[in-house]
Amino acid sequence: MWCDPTGHTFHLWMRAHTGGTGYAAIAKVVENDDGSMTTTIETVPSGKRMLFVPCPGGQMKFHILYDEVTRLFWLLSTQATDSMCRPERLSPGRYNLPNNQRDRLQLHFSKNCVDWCFAGLVAAGPCDTYSRSYASMVIDGGDLHVLSRSGDERAKNAHDVNMITFHTVRNFRELVY
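Criteria and thresholds
- Residues numbered from 1 in each chain as written.
- Predicted model: local features only at pLDDT ≥ 70, side-chain atom pairs only at ≥ 80, totals over all residues.
- Heavy atoms only, no water.
- Helix = DSSP H or I, 4+ residues; strand = E, 2+ residues; numbered from the N terminus.
- Buried < 20%, exposed > 50% of the residue type's maximum accessible area, 1.4 Å probe, protein only.
- Contact = heavy atoms within 4.5 Å.
- Salt bridge = Lys/Arg side-chain N within 4 Å of Asp/Glu carboxyl O.
- Pairing = 2+ DSSP bridges.
- Axes fitted to C-alpha atoms, helices over the stretch in contact; angles between N-to-C directions.

Draft legend 1. The arrangement of the environment of tyrosine 23 in detail. Assignment of secondary structure puts tyrosine 23 in strand β2 (residues 23-31). On the basis of relative accessibility, which here comes to 44%, the residue tyrosine 23 falls in the partly exposed class. Each residue touching tyrosine 23, except ones within four places of it in the same chain, is listed here: Ala16, Phe52, Val53, Pro54, Cys55, Gly58 and Gln59.

Here it is, written out as structure tokens:
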């Protein structure tokens, strides 16, 4: 629906800091004939304007990568497992933010960047300081390599971590169903 065959339109995907989970923000940028660019809000098939799009983990930083082989988009993001938890029940490292969970790194795929299918967990830690966030990925043949800002029991908290981890999802295309 949003594809511009002339290549003069692109979309900016951004973290949506709404207090909730599962949404990212999106803006449409069109290159004008004079080379200038105009940024607007995208329109959906119903004709309504849309600022937020479904995006698992869109409340935190995420990475989307297009795979030419499968013609699918791959999403790497953190997974919130209890965003409705009362803030006073959270560990101090969560800063009273139930949607700020960083210890689970998830992978999804999509045909259109709106409807996402869960492909699996790339990494999961036993507690908050074992975070895996701000991750990026690259395709290498049939494998997906992931680099993540990470922590372990020595990390100050889930945000101020102490290491970088490297993960490989072998034969990642086999996760498509």
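Draft legend 2. Layout of the pattern of salt bridges. Overall, the coordinates contain four salt bridges when judged by the stated rule. We note a salt bridge from lysine 28 to glutamate 42, for which the minimum N-O separation is 3.8 Å. Highlighted residues: lysine 28 in strand β2 and glutamate 42 in strand β4 (residues 42-43), separated in sequence by 14 residues. On the basis of relative accessible area, lysine 28 is assigned to the partly exposed category, the value being 24%.

Draft legend 3. Structural detail: the sheet that holds strand β12 (residues 143-150). Spatially, three strands are ordered β11-β12-β13 in an open sheet, and the strand pairing comes out antiparallel. A single partner strand is all that each edge strand has here, and the edge strands are β11 (132-140) and β13 (163-169). Across the sheet, the mean angle from the axis of one strand to that of its neighbour is 20°, orientation sign disregarded.

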